[in-house]
Amino acid sequence: MMFLINPNKFNKAADFLIKPILVLSIILFSLGLLFSFYLSPEDYQQGSTVRIMYVHVPSAWLALLTYAIMTLYSIAALAFRIPFGFIINTAVAPIGGIFTLICIISGSFWGKPMWGTWWVWDARLTSVAILFIIYLVIIFMNLSFENRVVREKVVAIFVLVGSINLPIVKFSVDWWNTLHQPATISKLSKPNIDPSMMIPLIIMTFAFAMIGLVIAILRIKTEIISRKSNLG
Amino acid sequence: MILVKDLSIERSNKTIFNNVNLSLGSGNIILLKGKNGSGKTTLLKTIVNIIDPSSGSIYWKGKPLKKNLYDFYNHTTYIADKTSSLSKLTVQDNIKIWKKIFLSKINNSQIESILKTLKLDNYLNQKVSSLSFGETKKLEFLRLIIEDKKIWILDEPLSSLDDESIDIIGQTFQDHRSKEGSIIFSSHQNSDIGVTEEIRL
Amino acid sequence: MKFLNKIVSFYYREYKLNLSGLQDILTNIIFFFISIFIFIFSIGPDRETISLIGVGILWTLLLLSSTLSLRKFYQDDFENGNLLITHLNGFSFGFIAILKTFSHFLFVQIPFLLSIPIACILLNIVNDKLIYLFISFSIGSLILSCLGSISSSMNLMNQRNFLLGSVIVMIFSIPVIIFSVGIINMEENFNSLINILFGILLIVFAINPWASGLCLKLSLENN
């Protein structure tokens, strides 16, 4: 598991893994599209708009997952002095930002026919919007500091402080009475979603994760190279 | 009292200096010489524990510096290449603030005589922003007297000063030496202040 | 005893410094009042509407005007080397952050607190709400001071994009705004909301010395 914290070992593992992951992501994504558009039933209430869920939910999960990964690596980088964590932070932030943006946009496409409005000031929506702003601030911080050593540590501190938002996003549907529906899939109880919808959802989640992973590997590799040659 | 052993500093993959050894006993005056960018300021900042060295160690009274940092700070005056006086306030106010901050026991007549030798006594009620750069720099040296510490760490104290002021400072250095104090300062110009040891970077 | 004396003289210095920069603080307050006027001009002088959204306006403007003064928070001390001198004088960076936070609260936020009654008259907020506003603002402004300390210490080395500091403060002040505006509109829930606000204060108060101290050390190290 050393390749998760050591740049050189990561490079080797990435060279070995990137092609299978790329192929896997293409297969999963086309399979997922096939399932979500043709092989899954329409909802009896929502009609065809239910298919937006297959983009919305995976991107939301991955936006949160990306931030959680950044938080873990920030702790590792600051507390255990593992500089690889800083590399992950700079490389992964835009990916998480894009996932959040996809989540927000697809959500409002769903909200227009269902709730009759593009945007509601609801706890879940607002906290995700804040998550998006936090991602943007991280990206801007990466752009605006001139000194690299200061920049990466400050970004890591900001990621840690901003991670307060994560549980708020996750539990906002339980803590407050919101318009957004509560989680249908959780570990504690049996999922109350039909398997015919569950399968495309899971396939799409893995497809999204794999696509994100491919981009992340490429970005991390460029980041490692630019650090070695002292460009960034 | 200060012992620097095999100190090397590396910043963003660039070595600034390698294996510097230095020992500062009481009554010593050490001059750090070097060109611009040779790491004089970095070395001084490392000695006051602002920058962490990449390798090597610093000892204070035989113990690692980090272990009794605040005891070290209690005996040290550090003057950076910037002037720390508050430019919006008058010279007198600045002196008053310094006396309070450093819990100084120096009495006013002593300060007045020093101001006279530094030729700052006419500016007492003027704002610091109206002084020239050399004069603010001289005002900064007043902190050495007010703080009244054993060890002086000075970054480029002689730059942008006239010969007369340099003589006064040399005199002050000798006075401090005779009181068993020790000084470490950096400079890029030659001067005949009674330096006991010279280190090239 | 020596330590206590040093703290007192630290505040003496801050007092002198703020007294000489009194026009900055006054400009902040003028900004605050001008913004109230502009809000009223843009909404229209209807008394009912104004008193309905007055508290929200007040909080937004207090947040905005206290972010204006963030630039002064550490920047001056950092640039003229006083931060380093204070550290060498025996204060750890975390402790400097705490001292500075209280100084910001005393010299920047308290003047706002004093100008609140006048603003309340302008915004037609009834008198019995004033006490709630006072309590919530005194807790909330301390939270804002802590957040300001964190964000301005993060931004010490950022020469290109200073506004980022204000954005950081605003992001983290969202829960403060939510709960402190809630206090005034829900008087029966006063106790529980003030407890939440107090909890937020304790959290940021615990994070502040750690985060700010780390950032201050980092900036001095790489300056």
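No experiment lies behind these values; they were computed from the predicted model shown. (Residues numbered from 1 in each chain as written. Chains lettered and ligands numbered in written order. Predicted model: local features only at pLDDT ≥ 70, side-chain atom pairs only at ≥ 80, totals over all residues. Heavy atoms only, no water.)

Some remarks on the confidence of the model for chain A
Right, so step 1: For chain A, per-residue confidence averages 86 on the pLDDT scale, and residues scoring 70 or more make up 93% of the total.
Right, so step 2: Confidence, expressed as mean pLDDT per element, reaches its minimum in chain A at helix α6 (residues 165-175) of chain A with 82 and its maximum at helix α2 (residues 53-79) of chain A with 93. (pLDDT = per-residue confidence, 0-100. Helix = DSSP H or I, 4+ residues; strand = E, 2+ residues; numbered from the N terminus.)

Regarding the packing of helix α4 (residues 123-144) of chain A against helix α5 (residues 148-162) of chain A
All names here are of chain A.
Right, so step 1: Contact geometry for α4 and α5: axes closest at 10 Å, N-to-C directions at 170°. Classified by the angle their axes make, α4 and α5 are roughly antiparallel. Residue-level inspection shows Ile134, Val137, Ile138, Met141 and Asn142 of α4 in contact with α5, the latter providing Arg151, Val154, Val155, Phe158, Val159 and Gly162.
Right, so step 2: Considering only residue class, the contact of α4 with α5 consists of 8 nonpolar, 2 polar and 1 charged. (Axes fitted to C-alpha atoms, helices over the stretch in contact; angles between N-to-C directions. Parallel < 35°, antiparallel > 145°, perpendicular 65-115°, else oblique. Contact = heavy atoms within 4.5 Å. Nonpolar A, V, L, I, M, F, W, Y, C, P; charged D, E, K, R; others polar.)

A few points about the sheet that holds strand β8 (residues 182-187) of chain B
Residues and elements named next belong to chain B.
Right, so step 1: Across the sheet, which stays open at both edges, the 5 strands sit in the order β6-β7-β8-β3-β9 with parallel pairing between neighbours. Each edge of the open sheet carries a strand with a single partner, namely β6 (76-79) and β9 (197-200). Adjacent strand axes in the sheet meet at a mean angle of 15° when their direction is disregarded.
Right, so step 2: Relative to β9, strand β3 (residues 29-33) runs parallel, the two being bridged by 4 bridges. Bridging from a neighbouring strand, Lys33 pairs with Arg200 of β9.
Right, so step 3: Across the sheet, helix α1 (residues 40-47) lies against β3, β6, β7 (151-154) and β8, angled at about 150° from β8, the strand it touches most.
Right, so step 4: Strands β6 and β7 of the sheet are contacted by helix α5 (residues 133-147), whose axis makes an angle of about 175° with β6. (Pairing = 2+ DSSP bridges.)

Comments concerning unusual backbone geometry
Trans is the common state for peptide bonds, and a negative phi is the common state for residues other than glycine.
Right, so step 1: One non-glycine residue with positive phi stands out, namely Arg81(A), at about 55°.
Right, so step 2: One can find Arg81(A) in the loop between α2 and α3 (84-115).
Right, so step 3: The phi dihedral of Asn19(B) is positive, around 45°, even though this residue is not glycine.
Right, so step 4: You can see Asn19(B) is positioned in strand β2 (residues 14-24).

Some words on the pairing of β6(B)
Residues and elements named next belong to chain B.
Right, so step 1: With burial as the criterion, each face of β6 is covered, one bearing Thr76 and Tyr78 and the other bearing Thr77 and Ile79.
Right, so step 2: Two strands pair when backbone bridges link them, and β6 and β7 are joined in this way by 4 bridges, in the parallel orientation. Looking at β7, one finds that Thr76 is bridged to Ile151. (Buried < 20%, exposed > 50% of the residue type's maximum accessible area, 1.4 Å probe, protein only.)

Thoughts on a nonpolar patch on the surface
Residues and elements named next belong to chain C.
Right, so step 1: On the surface, a cluster of nonpolar side chains totalling about 700 Å² of accessible area is made up of Ile30, Ile34, Phe37, Ile38, Phe41, Ile118 and Leu122.
Right, so step 2: Taken together, the elements giving at least two residues each to the nonpolar patch come down to α2 (22-43) and α6 (93-122).
Right, so step 3: Here the element with the most residues in the nonpolar patch is α2; it accounts for 5 residues.
Right, so step 4: With respect to the element layout, Ile118 can be found in helix α6. (Patch = residues over 30% accessible without salt bridge, like charges linked within 9 Å, V, L, I, M, F, W, Y side chains within 5 Å. Areas by Shrake-Rupley, 256 points an atom, 1.4 Å probe, with all protein chains shown as cover. Salt bridge = Lys/Arg side-chain N within 4 Å of Asp/Glu carboxyl O.)

A word on the side chain of Arg13(C)
Right, so step 1: Looking at the element boundaries, Arg13(C) is found in helix α1 (residues 2-20).
Right, so step 2: Residues within four places of Arg13(C) in sequence aside, it is in contact with Leu86(B), Ile97(B), Ile101(B), Asp77(C) and Asn82(C).

Brief notes about empty space enclosed by the protein
By rolling a water-sized probe across the atoms, one finds the places where empty space is left.
Right, so step 1: Going through the model one piece at a time under the given rule, you end up with 6 cavities of 30 Å³ or more.
Right, so step 2: What the largest cavity holds in volume is close to 80 Å³.
Right, so step 3: Surrounding the largest cavity, Ile101(B), Lys6(C), Phe10(C), Arg13(C), Asn82(C), Ile85(C), Thr86(C), Asn89(C) and Phe91(C) form its lining.
Right, so step 4: For the lining of the largest cavity, the elements supplying multiple residues, two or more each, are α1 and α5 (82-88) of chain C.
Right, so step 5: Classifying every residue of the lining of the largest cavity by side-chain character gives 4 nonpolar, 3 polar and 2 charged. (1 Å grid on protein atoms, 1.4 Å probe; cavity = no way out; pocket = protein on both sides within 12 Å on 5 of 7 lines; lining within 4 Å. Points joined across faces, edges and corners; volume = space filled by probe spheres on them.)

Thoughts on the interface of chain C and chain A
Right, so step 1: Taken together, the contact between chain C and chain A spans 20 residues of the former and 21 residues of the latter.
Right, so step 2: Overall, the association of chain C and chain A removes approximately 2000 Å² of surface from exposure, summing both partners, and the carbon and sulfur fraction of that is 81%.
Right, so step 3: Applying the counting rule to chain C against chain A returns 0 salt bridges.
Right, so step 4: For the pair chain C and chain A, the interface holds 1 residue pair in polar contact (both at pLDDT 80 or more).
Right, so step 5: Counting residues per element, the side of chain C that touches chain A draws most heavily on helix α9 (residues 190-222) of chain C, which supplies 7 residues.
Right, so step 6: Its residues assigned to classes, the side of chain C that touches chain A comprises 14 nonpolar, 5 polar and 1 charged. (Buried area = accessible area lost by both parts, 1.4 Å probe. Polar contact = N/O pair within 3.5 Å; in protein donor to acceptor, adjacent residues only side chain to side chain.)

Thoughts on the pattern of salt bridges
Right, so step 1: The full count for this structure, using the stated rule, is 18 salt bridges over all chains.
Right, so step 2: The shortest N-O distance in the salt bridge between Arg143(B) and Glu147(B) comes to 3.1 Å. Highlighted residues: Arg143(B) and Glu147(B), both in helix α5, separated by 4 residues, approximately one helical turn. Each of the two residues, Arg143(B) as well as Glu147(B), counts as buried.
Right, so step 3: Salt bridges here are not isolated pairs; linked through shared partners, they connect Arg148(A), Glu152(A), Glu223(A) and Arg227(A).

Topic: the layout of surface pockets
Right, so step 1: Here the largest pocket is characterised by a volume of approximately 1500 Å³.
Right, so step 2: Along the walls of the largest pocket sit 46 residues, with Arg81(A), Val149(A), Glu152(A), Lys153(A) and Glu221(C) positioned nearest its centre.
Right, so step 3: Residue composition of the lining of the largest pocket, grouped by class: 19 nonpolar, 14 polar and 13 charged.

Structural notes on the interface of chain B and chain C
Right, so step 1: Across the contact, 24 residues belong to chain B and 30 residues belong to chain C.
Right, so step 2: Across the interface of chain B and chain C, roughly 2600 Å² is buried in total on both sides, 59% from carbon and sulfur atoms.
Right, so step 3: Asp93(B) is the salt-bridge partner of Lys16(C), the closest N and O atoms lying 3.8 Å from each other.
Right, so step 4: Where chain B touches chain C, the interface holds 5 residue pairs in polar contact (both at pLDDT 80 or more).
Right, so step 5: Residue assignment for the side of chain B that touches chain C shows that the elements contributing at least two residues are α2 (69-74) and α3 (91-101) of chain B.
Right, so step 6: In terms of residue count, the dominant contributor to the side of chain B that touches chain C is α3(B) (5 residues).
Right, so step 7: Split by residue class, the side of chain B that touches chain C holds 12 nonpolar, 3 polar and 9 charged.

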